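Single-letter residue listing:
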Amino acid sequence: ASAHALVVSLAGCASASLQTSGSLVSYDSLAPADGVVTHSKLRVDKTDVLAARSIAIIPTSFSSEAAMAELTDKQRHVIANEVDRSVCIGLSDRFDVVPSGQAADLTVHVTVTHVTVTNPAVAGASKVASIVPRIISAGTPIPVPRIPLGMGTLSVEAEARDMRGKQKAAFVWARGADIVTSTPRISPSGDPYDLASEFGADFSKLLINGDTPFDHKLSIPEIG
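Residues numbered from 1 in each chain as written. Predicted model: local features only at pLDDT ≥ 70, side-chain atom pairs only at ≥ 80, totals over all residues. Heavy atoms only, no water.

Undergrad: Could you give an account of the overall build of the protein, with specific residues and numbers?
TA: Assigned secondary structure in the protein consists of five helices and seven strands. A total of 224 residues make up the protein; the buried ones form 43% of that total. For the protein, long-range pairs separated by at least 24 residues make up 80% of all intrachain contacts whose partners lie at least 6 apart in sequence. Summed over its atoms, the accessible surface of the protein is roughly 11,000 Å², and 57% of this surface lies on carbon and sulfur atoms. (Helix = DSSP H or I, 4+ residues; strand = E, 2+ residues; numbered from the N terminus. Buried < 20%, exposed > 50% of the residue type's maximum accessible area, 1.4 Å probe, protein only. Contact = heavy atoms within 4.5 Å. Areas by Shrake-Rupley, 256 points an atom, 1.4 Å probe, with all protein chains shown as cover.)

Undergrad: Describe the environment of Leu71, with residues and values.
TA: Relative to the helices and strands, Leu71 is located in the loop between β3 (54-62) and α3 (73-91). With relative accessibility at 9%, the residue Leu71 sits in the buried group. The spacing of Leu71 and Val115 is 44 residues in sequence and 9.1 Å in space, taken between C-alpha atoms.

Undergrad: So what's going on with the pairing of β3? Which residues, and what values?
TA: Two faces, one strand: in a regular strand the side chains alternate between the faces of the sheet. One ladder, built from three bridges, connects β3 with strand β4 (residues 96-98); its direction is parallel. From the neighbouring strand, Ser54 faces β4, where its bridge partner is Asp96. Each parallel crossover has a hand, and the one from β3 via α3 to β4 is right-handed. The sheet contact formed by β3 and strand β5 (residues 106-116) spans six bridges and is parallel. Paired with Ile55 across the bridge in β5 is Leu106. (Pairing = 2+ DSSP bridges. Right-handed = clockwise from strand over helix to strand, strands pointing away.)

Dropping the structure here:
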């Protein structure tokens, strides 16, 4: 299939909208910066961000709206932890990550602003459907698009502030699971968990490079 056809096929994805909760110091000068399957707005003081060497990560929180999603406290905790883990791993490529509360050139905080849960029954059906072609093809993996129903979404906002509390980068981000690249997990938190990792990677790239994390090239995961 051509790259164009593949991008068109990604129309089969859950619709995610940018949401804000008022957790950022400022929403001024945010400019659209969408990826292939991601919506976002961002601003970054590139010179100051690139000059920073140390960074602290305040644990991720949920806005009042996001907390209303049909998730258990444990599932919310798992999603927040995945955001923090992904951000920490990504940022450690360039920054000295120090414990939250300690002095650092930059301090980052992420707020989950909206969650659409995964439909476990549909995810389970997608998982079963993906196994059949392997059996038919004697074990040779054949990509099977996910059933385009009941897929989850995640909307997040985040910023990096300097020691004086001045905003140096802001990122409002939203993405939904899609039928090609998203692996179905039989849990309401399945897609939001995976998307939390995707957000963490994008936010880390923004702060490491001081520029948009999106190159508009679609990478297809290995099937195996």
